[in-house]
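Chain by chain, the residues:
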Amino acid sequence: MKVLQEEGVDTIFGFPGGAVLDIYDALVKTDIKHILVRHEQGAVHAADGYARASAKVGVCIVTSGPGATNTVTGLASAYMDSIPIVVLTGQVNTSLIGNDAFQEVDIVGITRPCTKHNYLVKRVEDLARIIKEAFFIARSGRPGPVLVDLPKDLIQTTTEYKSIKDVHLRSYNPTYQPSMKQLPRVVSLIKKARKPLIFAGGGVILSGASRELKQFANKIQTPVTASLMGLGCFPASDPLWLGMIGMHGTYRANMSSAECDLMIAIGVRFDDRVTGKIDTFAPNAKIVHIDIDPTSISKNVPVDTPIVGDCKITLKKLIELLAAEDWKDLKKIRKPWLDQIVEWKSTRPLAYEQKDIIKPQFVVEKIFEITKGEAIITTEVGQNQMWAAQYYHFDRPNSFITSGGLGCMGFGLPAAIGAQVACPDRTVVDIAGDGSIQMNIQEMATAVQFGLPVKIAILNNRYLGMVRQWQELFYQRCYACTDMADAPDFVKLAEAFGAVGLRATRPDEVARVIKKALSVNKPVIMDFHVEREEGVYPMVPAGAPITEMLLV
Amino acid sequence: MVNNITNATKHTLSLLVDNEPGVLARISGLFSGRGFNIESLCVAETMEPNVSRITLVTKGDMHILEQIKKQLNKVINVIKVLDFSGIPFVQRELAMIKVHAKPENRAEILRMVDIFRSRVVDVGAEYYTVELTGDEDKIAAFLELLRPMGIKEVTRTGAIALAREKK
Ligand SMILES: Cc1ncc(C[n+]2csc(CCOP(=O)(O)OP(=O)(O)O)c2C)c(N)n1
Ligand SMILES: [Mg+2]
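Residues numbered from 1 in each chain as written. Chains lettered and ligands numbered in written order. Predicted model: local features only at pLDDT ≥ 70, side-chain atom pairs only at ≥ 80, totals over all residues. Heavy atoms only, no water.

## Some remarks on the domain arrangement of chain A
All names here are of chain A. The assigned domain composition of chain A is domain 1 (2-155), domain 2 (183-347) and domain 3 (360-529). Taking only C-alpha atoms into account, the centre of domain 1 sits 28 Å from that of domain 3. Contact residues are listed per partner, giving 25 residues for domain 1 and 26 residues for domain 3. Taken together, the two surfaces of domain 1 and domain 3 that pack against each other cover about 1,900 Å², and 65% of this comes from carbon and sulfur. It is Arg38, Arg52 and Ala53 that lose the most area in domain 1 upon contact with domain 3, and together they represent 30% of the buried surface on that side. Counting every contact that joins domain 1 to domain 3 gives zero salt bridges. Our count for the domain 1 to domain 3 interface comes out at eight residue pairs in polar contact (both at pLDDT 80 or more). Contributing elements (two or more residues each) for the side of domain 1 that touches domain 3: strand E1 (11-15), strand E2 (33-36), helix H3 (40-54) and helix H5 (72-80). For the side of domain 1 that touches domain 3, the leading source of residues is H3, giving 10 residues. Grouping the constituent residues of the side of domain 1 that touches domain 3 by class yields 10 nonpolar, 10 polar and five charged. (Domains from an automatic or database assignment. Contact = heavy atoms within 4.5 Å. Buried area = accessible area lost by both parts, 1.4 Å probe. Salt bridge = Lys/Arg side-chain N within 4 Å of Asp/Glu carboxyl O. Polar contact = N/O pair within 3.5 Å; in protein donor to acceptor, adjacent residues only side chain to side chain. Helix = DSSP H or I, 4+ residues; strand = E, 2+ residues; numbered from the N terminus. Nonpolar A, V, L, I, M, F, W, Y, C, P; charged D, E, K, R; others polar.)

## Side note on the sheet that holds strand E5 (residues 117-120) of chain A
Residues and elements named next belong to chain A. Here we have six strands laid out as an open sheet, ordered E2-E1-E3-E4-E6-E5, and parallel in their pairing. Where the open sheet ends on each side, the last strands, each with one partner, are E2 and E5. Neighbour-to-neighbour, the strand axes of the sheet open up by a mean angle of 20°, direction not taken into account. Sitting on the sheet, H3 is in contact with E1, strand E3 (58-62) and strand E4 (85-91), with an inclination near 165° to E3. (Pairing = 2+ DSSP bridges. Axes fitted to C-alpha atoms, helices over the stretch in contact; angles between N-to-C directions.)

## Observations regarding the nonpolar core
If you look at soluble globular proteins, the nonpolar side chains tend to sit buried side by side. Residue and element names in this part refer to chain A. Phe216, Ile266 and Phe528 are the most contacted members of the largest nonpolar core, which totals 70 residues. Taken together, domain 2 (183-347) and domain 3 (360-529) each give at least three residues to this core, which thus spans both. For isoleucine 266, the residues in contact, after removing those within four places along its chain, are Ile198, Phe199, Ala200, Gly201, Val204, Leu213, Phe216, Ile290, Cys311 and Leu315. In this structure, Phe13, Ala47, Ile376 and Val421 belong to the second largest nonpolar core, which totals 46 residues. (Core = buried A, V, L, I, M, F, W, Y, C linked by side-chain atoms within 4.5 Å. Buried < 20%, exposed > 50% of the residue type's maximum accessible area, 1.4 Å probe, protein only.)

## Structural notes on the side chain of aspartate 434 of chain A
Residues and elements named next belong to chain A. With respect to the helices, strands and loops of the structure, aspartate 434 is situated in the loop between strand E15 (428-433) and helix H19 (444-449). Within the buried core, aspartate 434 has no salt-bridge partner, and the shortest N-O distance to an opposite charge, that of arginine 532, equals 7.0 Å. Within polar-contact distance, the side chain of aspartate 434 engages the backbone nitrogen of asparagine 461 at 3.4 Å. A polar contact is formed between the side chain of aspartate 434 and the backbone nitrogen of tyrosine 463, at a distance of 3.3 Å. Beyond its immediate sequence surroundings of up to four residues, aspartate 434 is in contact with Ile458, Leu459, Asn460, Asn461, Arg462, Tyr463, Met484 and Phe490. (Lys, Arg positive; Asp, Glu negative; His and termini not counted.)

## Some thoughts on the side chain of histidine 289 of chain A
All names here are of chain A. In this structure, histidine 289 sits in strand E11 (residues 286-291). Accessibility expressed as a relative area gives 0% for histidine 289, which makes it buried. Setting aside its immediate chain neighbours within four residues, histidine 289 contacts Ala265, Val268, Phe270, Ser296, Ile297, Val303, Thr305, Pro306 and Ile307.

## Looking at a nonpolar patch on the surface
Residues and elements named next belong to chain A. On the surface, Phe474, Tyr475 and Leu550 cluster together into a nonpolar patch covering about 270 Å² of accessible area. Relative to the elements of secondary structure, phenylalanine 474 occurs in helix H20 (residues 465-474). For phenylalanine 474, a relative accessible area of 31% translates into the label partly exposed. (Patch = residues over 30% accessible without salt bridge, like charges linked within 9 Å, V, L, I, M, F, W, Y side chains within 5 Å. Areas by Shrake-Rupley, 256 points an atom, 1.4 Å probe, with all protein chains shown as cover.)

## A short note on the site of ligand 1
Residue and element names in this part refer to chain A. Taken together, 17 residues lie near ligand 1, and Gln383, Gly407, Gly435, Ser436 and Gly465 sit nearest. Within the contact set of ligand 1, an oxygen atom lies 3.0 Å away from a side-chain nitrogen or oxygen of asparagine 384. Between ligand 1 and the protein, one listed contact pairs an oxygen atom with a side-chain N or O atom of aspartate 434 at 3.0 Å. Protein chains shield 76% of the accessible area of ligand 1, which is 580 Å² for the free molecule. When contributions to the shell around ligand 1 are tallied by element, the ones reaching two or more residues are helix H17 (383-391) and H20. The biggest single contributor to the shell around ligand 1 is H20, with three residues. The residue makeup of the shell around ligand 1, split by class, is seven nonpolar, nine polar and one charged. (Near = heavy atom within 4 Å.)

## Section: the domain arrangement of chain B
Residue and element names in this part refer to chain B. According to the domain assignment, chain B contains domain 1 (9-83) and domain 2 (90-163). Inter-centroid distance (C-alpha atoms) of domain 1 to domain 2 is 29 Å. Between domain 1 and domain 2 lies a buried interface of about 570 Å² when both sides are counted; carbon and sulfur atoms form 57% of it. On inspection of domain 1 and its partner domain 2, the count reaches one salt bridge. The salt bridge involving lysine 10 is made with glutamate 136; its shortest N-O contact spans 3.1 Å. Taken together, the links from domain 1 to domain 2 amount to three residue pairs in polar contact (both at pLDDT 80 or more). Broken down by secondary-structure element, the contributors of at least two residues to the side of domain 1 that touches domain 2 are strand E1 (9-18), strand E2 (40-45) and strand E3 (51-60). Per element, the largest residue contribution to the side of domain 1 that touches domain 2 is three residues, and it comes from E3.

## As for the pairing of strand E12 (residues 305-308) of chain A
All names here are of chain A. Going residue by residue along E12, you find Thr305 and Ile307 tucked away on one face and Pro306 and Val308 left uncovered on the opposite face. Here E11 pairs with E12 via four bridges, running parallel. Across the sheet, the residue bridging to histidine 289 is proline 306, located in E12.

## As for the environment of leucine 550 of chain A
All names here are of chain A. With respect to the element layout, leucine 550 can be found in the segment after strand E18 (524-529). On the basis of relative accessibility, which here comes to 31%, the residue leucine 550 falls in the partly exposed class. Along the primary structure leucine 550 and valine 536 are separated by 14 residues, whereas in three dimensions their C-alpha atoms are 9.6 Å apart. Aside from chain neighbours lying at most four places away, what touches leucine 550 is Leu473, Tyr537, Pro538, Met539 and Pro541.

## Notes on helix H14 (residues 311-323) of chain A
All names here are of chain A. Helix length check: H14, at 13 residues, gives a terminal C-alpha distance of 18 Å against a target of 18 Å (1.5 Å per residue), a fit within 8%. Residues of H14 that are buried include every one of Cys311, Thr314, Leu315, Leu318, Ile319 and Leu322, and no others. Each buried residue of H14 sits inside an arc of 135° when the element is viewed along its axis, so together they form one side. The exposed residues of H14 that point more than 90 degrees off its buried face are Glu320 and Ala323. The distance from a side-chain oxygen at the start of H14 to the backbone nitrogen of lysine 312 is 3.2 Å, and the residue carrying that oxygen is aspartate 310. (Expected span 1.5 Å × (residues − 1). Arc of directions from axis to C-beta.)

## Quick look at the sheet that holds E12 of chain A
Residues and elements named next belong to chain A. Taken in spatial order, the six strands line up as E9-E8-E7-E10-E11-E12 in an open sheet, and their pairing is parallel. Sheet topology places strand E9 (241-244) and E12 at the edges, where each strand pairs with a single neighbour. Neighbour-to-neighbour, the strand axes of this sheet turn through a mean angle of 15°, independent of strand direction. Across five bridges, the pairing between strand E10 (residues 262-266) and E11 is parallel. Within E11, the position partnered with isoleucine 266 by the bridge is isoleucine 290. Most of the contacts of helix H9 (residues 182-192) go to E12, to which it runs at about 135°, and overall it touches E10, E11 and E12. Packing against the sheet, helix H11 (residues 210-219) makes contact with strand E7 (196-200), strand E8 (224-226) and E10, and its axis sits at approximately 170° to E7.

And the structure:
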């Protein structure tokens, strides 16, 4: 407990059980706040949402056996998105480990491939050091989840606590400082480039480099696109912003990536949902790749100038180097390229047509307008997630919280709860699908119990919409098992939980419902009955070059 | 990532790792999870009791080898990764072979044991057990020569390796 407090932990998301009784007994005697979730998966997603909104480490405690296995999906999601969380799991007594004891699972074995690191504590003398290391590993370098498995007997033993100052691991030493040999090369590439493009990702947000990115892009007058994970790292209101890249990226972002002669990739990992067909990605470009994780570099896409380092430090150094150069004619040089981008934007903007039935994009746009773009948005997975990414325009980081790499349905509500705990004064909206929301709906009870006024906007198409869209396009409209018409009445459901339920079935009701929801200081479910067969566009079919966009 | 078999060659890696339970599982899990190849693997303590050395032979093209090395370096318990590609090193394997020792073949077996600088380590009524150290080719050649006499069982270690010192 002492170590947790030393690490600045003020909130823990968890669910008790036999193996962690002693931890809970100690926990309630501290001033650490405990948020009792209704399912351990919810605890991990909430810790994830908390970490992303606060840029701190999220913490969970769960019991052994089923408590531990219920964390696996949450860990996998946090691992894919590099989110710093520490999960403490109970374990059976040391003497029983390996005996198939009641509620025993080898959670260290199970989670090895979906954690940055994990530990089974075997001696009470190691406990404090291991917890310290867990926090250190979770937040340093490329962040990620760390799991610590705590046998019950060990927690029951008392030992004298010696404060540990520094963590030193002989085998772990992330590279923050970029190689000074590489940076001047980048400067000369920028000088030569006629059609440069910045492609930013979640790494920019994780390293807190948004301000530097803005300076950098403005200095070199270079347009910026971002992956799903990068949204918010560059202000959407800046004229250099292109929107998201990739499978559901904007026309201009995808076209720019195909046409650019220099791509400066910062804190990205070239996921297949971004690149499309890999050998046609950025075919004309020299690629500079800045990332703290060397395994991300040249993994999927060959890179001309690799730079291993922290995004923020590297950008700062680059900005210093740029300042020494002469950029007098830059505006003139960039004009044709920037004009081209404006043309792409005006001929092929994101668009939809709002008629009698509510369009899901319209709902997201209204949420954006009414919250003035200042809300924290979490999402579920599917079409709702993509419409949120396309139509909510983020001006600041740590505001868009989505399960990017794993794409895990049921993420949005618990993540919203975590974000609301981290930022009690901000509006938090979960843009949800009718399918996904049912995967962790039990967390409504958590939101109500702890007075967390999260707003859930269900874009209710009564389909597993994204899967349906693929069936429409690639499986001759055979909607196998994606019809979700048999859903609960979400308004009544909200009320049953002790929250507020609102519904809109006509376009003119949308704004009123959103305003009403924002005006009550309680959790609210908004049930928007939207056009059932609306699709997310542009769309690049999986495995096609990203310029081959289906536009409507 | 597709394993490009055409340019795949063998590479010997030597890893220094924390001598802790679970470390081997991390390494082998990394290889199976990412579809990398393990041809052979040997682990033992080093002079420092809390450090083990894993000698690992893998197969892949240069791109895959790079990824393997980076991924190994990323494992928290891996202290150091040494790649023997392109540097001089000595590599050995050990094989123990139970060969049918019919009276009329015994002299021939012993002659071959002598030529290969092998040793007889156990003598039974019908079988000799011989041990041989050497590189892969030498062991393969030896097995080929013994095969006609009837090999009952073979057990082999993977390769172990150390870099050569400067002359
Ligand atoms: C846990 C999990 N199971 C299955 C999927 C596959 N999947 C991706 S999107 C989707 C549909 C989601 O439906 P809904 O929440 O209604 O969102 P919509 O696409 O309709 O907006 C499914 C089933 C997933 N991403 N996660
Ligand atoms: Mg749906």
